[in-house]
Amino acid sequence: MIPIAIQQYLRRHRVPFERYAHARAVTATELVDVLNVPGWRVAKSVIVKANRQPWIVVVPALATVNLRQVRDILGVHTVRLAAESEFVDHFPGCEVGAEPPFGELYGLPVAVDESLSLNERLLFRAGSHEEALELRFQDFARLEWPLVASFIHPLVNERETRDSYSTSRDEGSGASA
């Protein structure tokens, strides 16, 4: 279930959203599969540490984060994936691996890959492995004022990407890139 704090946050800021209950999906790839939607519609949160500051980096579900590009865009010396133990306390009420992209709510800066800005609507994890949240990208951007830039490794054809992901596990969010 989506934590009440997230629902209240969206309602308080008058952001319309749709909730989608689904079979348990731990990884971003599993979420794409259970929702039966194209991978570019599902956004995953990846938590990185940029000069020790945690950031939420939001990328398409089937993409991986290019840490070098994140470092260059943020203008920092070091960027690395955060270990779950480093960020789990930032997201009270959320399941580990289902971190939402709402940095304003959790006191973290947010960066979004520009490819997601091309979508009218996006599906996000919102603290649950059994329910997703859909909202307009424009509403998300107005709510979070994220840094929008290109920082994913180039995606191959989505079908090829999904086939290659089926042989290796994608952690979906959090410490996965």
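Since the structure is predicted, the reported quantities are computational estimates derived from the model, not experimental observations.

1. Re helix 6 (residues 137–144)
Helix 6 sits mainly inside the fold: 6 of its 8 residues count as buried. Along helix 6, the positions that sit buried rather than exposed are Phe137, Asp139, Phe140, Ala141, Leu143 and Glu144. Looking at the buried side of helix 6, the elements it contacts are helix 1 (4–12), helix 5 (103–106), strand 5 (110–113), strand 6 (121–125) and strand 7 (131–136). Of the residues flanking the end of helix 6, it is Trp145, one or two places downstream, whose phi is positive at about 45°.

2. What to know about the side chain of Asn119
Positionally, Asn119 belongs in the loop between strand 5 and strand 6. Classification of Asn119 by relative accessible area gives buried; the value is 11%. Apart from the residues within four sequence positions on either side, Asn119 is in contact with Trp40 and Phe137.

3. Thoughts on the environment of Pro54
You can see Pro54 is positioned in strand 3 (residues 53–60). Assessed through its relative accessible area of 11%, Pro54 is described here as buried. The spacing of Pro54 and Arg80 is 26 residues in sequence and 9.6 Å in space, taken between C-alpha atoms. Excluding its chain neighbours within four sequence positions, the residues that come into contact with Pro54 are Val48, Lys49, His90, Leu108 and Pro109.

Scoring rules and cut-offs
Residues numbered from 1 in each chain as written. Predicted model: local features only at pLDDT ≥ 70, side-chain atom pairs only at ≥ 80, totals over all residues. Heavy atoms only, no water. Buried < 20%, exposed > 50% of the residue type's maximum accessible area, 1.4 Å probe, protein only. Helix = DSSP H or I, 4+ residues; strand = E, 2+ residues; numbered from the N terminus. Contact = heavy atoms within 4.5 Å.

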